[in-house]
Amino acid sequence: MGLGAALLIAALLLSTYTAGKIAKIPLDVDVTLISNGSGAALDPESLGSEHAVVDQEVPLVSQEQIGVEAPANADVVTLQAGSSLRRADRQKDTGLLLAIVDTVTVDRRTAEAISDDSHPGGSVQRPRNFDDDSPPTNIALPHEGLSYRFPFDTQKQSYQYFDPIAQQAYEANYEGEDDVNGLTVYRFTQNVGYDPDGTLSEPVRYPSLYGHDEDGEISAPARMWNIEGVDPDEDITMTRYYAAQKTLWVDPVSGTIVKSKLHANHYYARDPLKPEVALADYTVVSSEETIEAQVNAARNERDRIALWSRVLPITFTAAGLIALIGGVLVGWFSLPAEAALGQPGRDGADGGFFGGFAPRSPSPGPVTGAEAETEKLPTQRPQLDRPATPPEADPPTRGQPDPAPDQP
């Protein structure tokens, strides 16, 4: 009974207290996410010529490396994500189009960014030139909402999801359920500067990470921008804008993003709703290798959570009930046995499970004659060392006088 009670208490603790401790973002996150696609991209080499050249249908590769930095403890974890976009038809640095290193501290249970006035909870790395060997420096960037993950037990609702390029959070709206490699997931969509139908509505003025907004606003001759109808030598100032549409497929149990699709548009324009020169207008989707790895990671998280929240509690509950019922039955049937061991049998021996072999208990008082045991006397054995007695004469006949004795 004690064992059964202990198992039931353990099952209760596992399903309430321990399950909440297990459902946390791991502290050993180290993943590389690859996405492939194509789009329009500015040729960096053309910037040194008279006209900027925008290549169409360029093969592109997006890479995102996510790891853990300090602080990371029982309650919070700091995720650092380095993202880049490269042209697959160019080698090394000549193919690099975009790059950003974002850092955010999130709650391990809710995946919400932890940020306040004194602790921004996030930062972004200041850009450096390729030949700059100085240590990187960070710019404080307060984060809001979710970043790189969704909470455990994701619900069918809208969440605030942070965009590090726009430097603010936008709603990620639940759209429905899908199947990704046999895993049932929730599909969320987020629009940054786009309408749901894909039309530019409120593009974001690109927040430059340089100290003097070198890439946020650029002045160049009209011929560089390929603008017709004006003096080719007239300086035209263009502003950089950003808009994006994201689709995220999320495992609702662990909050892991198993697949993503991104349509982003970085462009220069005088009117924000009329793009003129594309820096990168592209669409990329997670590669099959990345999807498979993320699905496996989500399944592992599911198994770990199920083990501590369902499998072990159910097992302990069943074992506890069996032990508890067994203890009650053993205690119930042991009462008649103990009572039987304390009463004598009909033949004078103690009854119970031991029969006549049980030890005899002392009599509490004098035994009456009717209840006393009769002692059987052994049969007298003949004496062999004495001569046999001669047979006596026939006994006298009843009613007749004895014969007279012989005279001397």
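Structure shown above.
Residues numbered from 1 in each chain as written. Predicted model: local features only at pLDDT ≥ 70, side-chain atom pairs only at ≥ 80, totals over all residues. Heavy atoms only, no water.

(A) Region of the structure containing the overall build of the protein chain. The helix and strand inventory of the protein chain stands at two helices and 14 strands. Evaluated residue by residue, the protein chain yields a buried proportion of 36% over its 408 residues. When contacts within the protein chain are restricted to residue pairs at least 6 apart in sequence, long-range pairs at least 24 apart make up 56% of them. Just so you have it, the protein chain exposes about 25,100 Å², and 54% of that area is on carbon and sulfur atoms. (Helix = DSSP H or I, 4+ residues; strand = E, 2+ residues; numbered from the N terminus. Buried < 20%, exposed > 50% of the residue type's maximum accessible area, 1.4 Å probe, protein only. Contact = heavy atoms within 4.5 Å. Areas by Shrake-Rupley, 256 points an atom, 1.4 Å probe, with all protein chains shown as cover.)

(B) Main features of the packing of aromatic side chains. Taken as a whole and assessed by the stated rule, the structure comprises eight aromatic pairs. Judged by centre distance (5.6 Å) and plane angle (85°), the rings of Phe150 and Tyr159 are edge-to-face. Taken as a pair, Phe150 and Tyr159 share a single burial class, namely buried. Ring plane angle 80° and centroid distance 5.4 Å describe the contact between Tyr174 and Tyr186, whose orientation is recorded as edge-to-face. Of this pair, Tyr174 sits in strand β8 (residues 168–180) while Tyr186 is found in strand β9 (residues 183–192), placing the two residues 12 residues apart along the sequence. In this structure an aromatic cluster arises from ring pairing among Phe150, Tyr159, Tyr161, Tyr174, Tyr186 and Phe188. Sitting over the ring of Tyr206, Arg240 keeps its end group 3.7 Å from the ring centre. (Phe/Tyr/Trp six-rings, centres within 6.5 Å; stacked < 30°, edge-to-face > 60°. Lys NZ or Arg CZ within 6 Å of the ring centre and 35° of its normal.)

(C) Highlighting the pairing of strand β2 (residues 54–69). Relative to β2, strand β1 (residues 31–42) is paired through 11 bridges, and the arrangement is antiparallel. If you follow Val31 over to β2, its bridge partner there is Ile66. Where β2 lies against strand β3 (residues 76–87), 10 bridges are found, and the strand directions are antiparallel. Bridge pairing links Glu69 to Thr78 in β3. Here β2 folds back onto β3 in antiparallel fashion, the turn holding six residues. (Pairing = 2+ DSSP bridges.)

(D) Region of the structure containing the nonpolar core. Ranked by internal contacts, the top residues of the largest apolar core, which has 28 residues, are Leu85, Leu98, Val192, Trp225 and Tyr282. Counting residues per element, the ones that place at least two in this core are β1, β2, β4 (96–107), β12 (235–250), β13 (257–269) and β14 (277–286). If sequence neighbours within four positions are ignored, Leu98 has contacts with Ser83, Ser84, Leu85, Arg240, His266, Leu279, Ala280 and Tyr282. If you look at the next biggest cluster of nonpolar residues, it comprises 25 residues, including Val29, Val104, Phe188 and Val250. (Core = buried A, V, L, I, M, F, W, Y, C linked by side-chain atoms within 4.5 Å.)

(E) Spatial organisation of a nonpolar patch on the surface. A cluster of nonpolar residues, Leu321, Ile325, Leu329, Trp332 and Phe333, forms a patch on the protein surface that exposes about 590 Å² of accessible area. As for its placement among the helices and strands, Ile325 is situated in helix α2 (residues 288–341). (Patch = residues over 30% accessible without salt bridge, like charges linked within 9 Å, V, L, I, M, F, W, Y side chains within 5 Å. Salt bridge = Lys/Arg side-chain N within 4 Å of Asp/Glu carboxyl O.)

(F) The environment of Gly39, seen in detail. Considering the arrangement of structural elements, one finds Gly39 in strand β1. Accessibility expressed as a relative area gives 10% for Gly39, which makes it buried. The spatial distance from the C-alpha of Gly39 to the C-alpha of Leu60 is 7.2 Å, given a sequence separation of 21 residues. Not counting residues up to four positions away in its chain, the partners in contact with Gly39 are Asp55, Gln56, Glu57, Val58, Leu60, Asp281 and Tyr282.

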